[in-house]
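# Observations on chain architecture
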Amino acid sequence: MAIATFTSTSHAGASRGSSKGFMHRAFSSLVTARERQARRYVNGYLLSLDDATLAAYGYDRAELERQGSATSAF
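Residues numbered from 1 in each chain as written. Predicted model: local features only at pLDDT ≥ 70, side-chain atom pairs only at ≥ 80, totals over all residues. Heavy atoms only, no water.

### Some words on the overall build of the protein
In terms of regular secondary structure, the protein is built from 3 helices and 0 strands. Overall, the protein shows an N-to-C arrangement of helices and strands of α-α-α. Considering the protein as a whole, with its 74 residues, one finds that 8% of them fall into the buried category. Summed over its atoms, the accessible surface of the protein is roughly 6,500 Å², and 59% of this surface lies on carbon and sulfur atoms. (Helix = DSSP H or I, 4+ residues; strand = E, 2+ residues; numbered from the N terminus. Buried < 20%, exposed > 50% of the residue type's maximum accessible area, 1.4 Å probe, protein only. Areas by Shrake-Rupley, 256 points an atom, 1.4 Å probe, with all protein chains shown as cover.)

### Points about the confidence of the model for the protein
Taken as a whole, the protein shows an average pLDDT of 80; of its residues, 69% reach a score of 70 or greater. The least confident element of the protein, judged by mean pLDDT, is helix α1 (residues 9–47) at 81; the most confident is helix α2 (residues 51–57) at 95. (pLDDT = per-residue confidence, 0-100.)

### Looking at the pattern of salt bridges
Oppositely charged side chains may form a pair once their charged atoms are brought near each other. Applying the stated rule across the entire model yields 2 salt bridges. Among the salt bridges present, the one from Asp51 reaches Arg61, with a minimum N-O distance of 2.5 Å. Of this pair, Asp51 sits in helix α2 while Arg61 is found in helix α3 (residues 61–67), placing the two residues 10 residues apart along the sequence. Between Glu63 and Arg66 there is a salt bridge, and its shortest N-O distance comes to 2.5 Å. One end of the pair is Glu63 and the other is Arg66, both in helix α3 and 3 residues apart, which spans about a single turn. Residue Glu63 is classed as partly exposed on the basis of its relative accessible area, which comes to 32%. (Salt bridge = Lys/Arg side-chain N within 4 Å of Asp/Glu carboxyl O.)

### Side note on a nonpolar patch on the surface
A cluster of nonpolar residues, Phe27, Leu30 and Val31, forms a patch on the protein surface that exposes about 280 Å² of accessible area. On the secondary structure map, Phe27 appears in helix α1. Among the residues examined, Phe27 registers a relative accessible area of 53% and is labelled exposed. (Patch = residues over 30% accessible without salt bridge, like charges linked within 9 Å, V, L, I, M, F, W, Y side chains within 5 Å.)

### Things to note about the environment of Tyr41
The topology assignment puts Tyr41 in helix α1. Look at Tyr41 and you get exposed, because its relative accessible area is 61%. In the structure, Tyr41 is positioned 27 residues away from Gly68 in sequence and 9.1 Å away in space, judged by C-alpha atoms.

### Let's talk about the side chain of Asn43
Tracing the chain through its elements places Asn43 in helix α1. Leaving out residues up to four positions away in the same chain, Asn43 has contacts with Leu64, Gln67, Gly68 and Ser69. (Contact = heavy atoms within 4.5 Å.)

Here's what the structure looks like:
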């Protein structure tokens, strides 16, 4: 009576490597989206300030408007 064991390391390694790559890309996409969301939120607040205050802090209203803003409905 003989027992045969087959081990394929190429398949296991490939799936482990691709899942790591997928998770890395998914996490990076999530972080990038949240950074954009935060930037829009901050720009919305900065645009509520007057021009003199923006200039004192080193911001330009036209540049902030180009970058966009998010306003909350709540």
